[in-house]
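Observations on chain architecture
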2 protein chains.
Amino acid sequence: MNLKQLSEILGLSQTTVSRALNGYPEVNEGTRIRVQAAADKHGYRPNSRAKGLATGRSMVIGHVIPTSSQHEMVNPIFGDFVAGAARTYAENNYDMMFTHAPDTSIEESYRSLFNRGVVDGVVLQGPKVHEPRISVLSRMGVPFIVHGRSTHAEEPYDWIDVNNQRSFERATRFLIDLGHKRIALINGLEEMDFARRRRNGYMTALEKSGIAPDPNLLRSAEMTEIYGHQTACDMLKLSDPPTAILASSIISAVGVRRALEENGLKMGRDISVIAHDDELSYMRNGMDVPIFTATRSSVRHAGELAAEMLIERINAPNAPPKTRLLEAELVVGSSTGPAPQRT
Amino acid sequence: MNLKQLSEILGLSQTTVSRALNGYPEVNEGTRIRVQAAADKHGYRPNSRAKGLATGRSMVIGHVIPTSSQHEMVNPIFGDFVAGAARTYAENNYDMMFTHAPDTSIEESYRSLFNRGVVDGVVLQGPKVHEPRISVLSRMGVPFIVHGRSTHAEEPYDWIDVNNQRSFERATRFLIDLGHKRIALINGLEEMDFARRRRNGYMTALEKSGIAPDPNLLRSAEMTEIYGHQTACDMLKLSDPPTAILASSIISAVGVRRALEENGLKMGRDISVIAHDDELSYMRNGMDVPIFTATRSSVRHAGELAAEMLIERINAPNAPPKTRLLEAELVVGSSTGPAPQRT
DNA sequence: CGCAATATTCAAAGCGCTTTGAAAACGAGT
DNA sequence: ACTCGTTTTCAAAGCGCTTTGAATATTGCG
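Only a predicted model underlies this, so the values are computations on that prediction, with no experimental measurement involved. (Residues numbered from 1 in each chain as written. Chains lettered and ligands numbered in written order. Predicted model: local features only at pLDDT ≥ 70, side-chain atom pairs only at ≥ 80, totals over all residues. Heavy atoms only, no water.)

To continue, consider the interface of chain A and chain B. On the chain B side, the residues contacting the 50 residues of chain A number 50 residues. For the pairing of chain A and chain B, the buried interface totals around 4600 Å² over both sides, and the portion due to carbon and sulfur atoms is 59%. The largest per-residue losses of area from chain A upon contact with chain B belong to Arg45(A), Arg49(A) and Tyr282(A), which jointly make up 18% of the total buried on that side. The tally of links from chain A across to chain B stands at twelve residue pairs in polar contact (both at pLDDT 80 or more). Going through the elements one at a time, α4 (48-55), α5 (77-91), β2 (95-102), α6 (106-115), α10 (225-236) and α11 (250-262) of chain A are the ones with two or more residues in the side of chain A that touches chain B. The class makeup of the residues in the side of chain A that touches chain B is 21 nonpolar, 14 polar and 15 charged. Looking at chain direction, β2(A) and strand β2 (residues 95-102) of chain B are connected through three bridges and run antiparallel. Note that in β2(B) the partner of Met97(A) across the bridge is Met97(B). (Contact = heavy atoms within 4.5 Å. Buried area = accessible area lost by both parts, 1.4 Å probe. Polar contact = N/O pair within 3.5 Å; in protein donor to acceptor, adjacent residues only side chain to side chain. Helix = DSSP H or I, 4+ residues; strand = E, 2+ residues; numbered from the N terminus. Nonpolar A, V, L, I, M, F, W, Y, C, P; charged D, E, K, R; others polar. Pairing = 2+ DSSP bridges.)

With that settled, the discussion passes to the packing of helix α1 (residues 3-10) of chain A against helix α3 (residues 29-42) of chain A. All names here are of chain A. Direction vectors running N to C along α1 and α3 enclose 125 degrees, while the axes themselves pass 11 Å from each other. In terms of orientation, α1 lies oblique with respect to α3. Here α1 runs over α3; the crossing is right-handed. Here Leu6, Ile9 and Leu10 of α1 come into contact with α3, specifically with Arg34, Val35, Ala38, Ala39 and His42. Considered class by class, the residues forming the contact of α1 with α3 number six nonpolar, one polar and one charged. (Axes fitted to C-alpha atoms, helices over the stretch in contact; angles between N-to-C directions. Parallel < 35°, antiparallel > 145°, perpendicular 65-115°, else oblique. Left-handed = near helix turned anticlockwise from the far one by under 90°.)

Okay, the nonpolar core next. Among the nonpolar cores identified, the biggest contains 134 residues, and Tyr89(A), Leu246(A), Tyr89(B), Tyr202(B) and Leu246(B) are the most heavily contacted of them. If sequence neighbours within four positions are ignored, Tyr202(B) has contacts with Phe168(B), Glu169(B), Thr172(B), Ile183(B), Ala184(B), Leu185(B), Leu217(B), Leu218(B) and Leu246(B). By size, the runner-up hydrophobic cluster in this structure holds 38 residues, among which are Ile106(A), Ile106(B), Leu113(B) and Val142(B). (Core = buried A, V, L, I, M, F, W, Y, C linked by side-chain atoms within 4.5 Å. Buried < 20%, exposed > 50% of the residue type's maximum accessible area, 1.4 Å probe, protein only.)

Written out as structure tokens, the structure reads:
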């Protein structure tokens, strides 16, 4: 069923039918009702390609997912972020398009999506400290929003981010206040902007308390369970092992926990652990009582907000840049406690 | 840059330029090279909406992701399945579209995608034992593939699935052979087809060995870490607790492990655990030595194959239905061992 | 009742591509 | 040089929608 057929059935012109369905004022109310009824009855839906051609809008938003070429791994927070965004898109009649691209050809992917007119805007995920994609998109003059920020970006751009620096500074200070001095940071990849900021927060807290950072207690890689486990095992073998560990993700924290258990250590008593909790729906940090003391910020909620901001940008391409900084909560669970007295 | 502009620059008709770029034979080889060069130089890419309108194909494949309305959770295997599919799509010049829909309106989503001409085919994920979506899509006569199967589907359809029944039967038998008699199954939601088949496999193995199933040792819910933990805790409190546990996912198995540790039990010695391992990239089952003894089948690989099969179907709508049954490996890790002798 | 103002409807152009059917250019054969 | 068969190129129609500019119906008012 297309517009032409529908209008013939109704004995009206395509113009009138189109206007009736799109809510234009210059159509008789009785006609509109009649048209709407017929459309419903026949299950008519405008062909979105034709509509897009005519309007110049695709009503599609693109997400280009970087396949970290080295590791071929799917970022686990992706699922929940997208779930949040998808909800907002649906409310605003946008569809969501995905492209998986290796790190090296992401720029190309963006170009392709826009030049082919496939999308009206894109979400840039996982920005690095040096992030070439931001200037590419800026120069292309297309609507986009960054989930996260890039420290070395020169031009202004829309972003939404968690205050990673502050939350990790607070978490570190929390541990210091409990008497810990040997505090490890099991971080994400250093080239990622969020990881850099977390590290900065960690460093700042140590500095303010006059604790010299120990490079042995600082590690960064992609945040898998295996990595958390391996790193924790390594650190426990040090002559002067950490008494507290900050983990950049619940997933690597699970690996840390496994390492501790294998070594007969009890979390919260022998060693304290704080994790960053993105509130992944399949990996919740406990129910009523958190398993891990954690810096908490819902990545799903970030997805919702990011989508909103992007849609605003699409509707007002020349509005001044908007940014949004979310604060993470620090929730206390049973994985932290006073530093054990070493006599 | 559109076709018209490009053809004006070249002093050729749109027809010729279009044919040159699409590899039609009736264009002079010299011309083709000249056209291709100009297209590259100007970064010309055909508008995909216009192209779609003209060809009647959208070159887009849709995934409708059910938001389990009750739980609002993102299925964790989703990310890896999609990563696999995306790769195949990219190779075949398909884009990938996502729609998030509550369980109740998924049918509506499919209709919308096809009627609006947004997609050429869809992937149906997470089929239930009774799966109305399959007959809906069959009746619509559109290309689709099911990841999994539906026991009570009447019409034939394309699917790709893991042999869940056999793999769980083998896993159960493996435990029985180790002397276990009290074997628990921490399963996915019972209405899901895969969960039903796993349960059947489990039951069959028990039956064949003359072990009476105990309803206290059978639980099903969405496979989160919390659920695995909670269920294991409950079961350990039984007067006659299990000596072995089958977990339907690595994620719930992690929860089981946490419960065991809290109770001072050592996995593999005091209690055996087998998990189903989808080889999620962020939750690998160990490196060289598996953490869990597991039934293993890569969901990413399934995604790749599913995409291939769907594209074949789109290209040959009337070919006979194709199905593909993958066998899971049974890999042995350190989470299993002989049943403890209770004297 | 007649005319201007307003409300409602319409035909046709255009979005950027593919594809049909026709025309032009070329080359070989006589 | 002329015809005929091939190659190569082209103009125009069509995909299904929106939107412009014009036409027709209706209403209000003197």
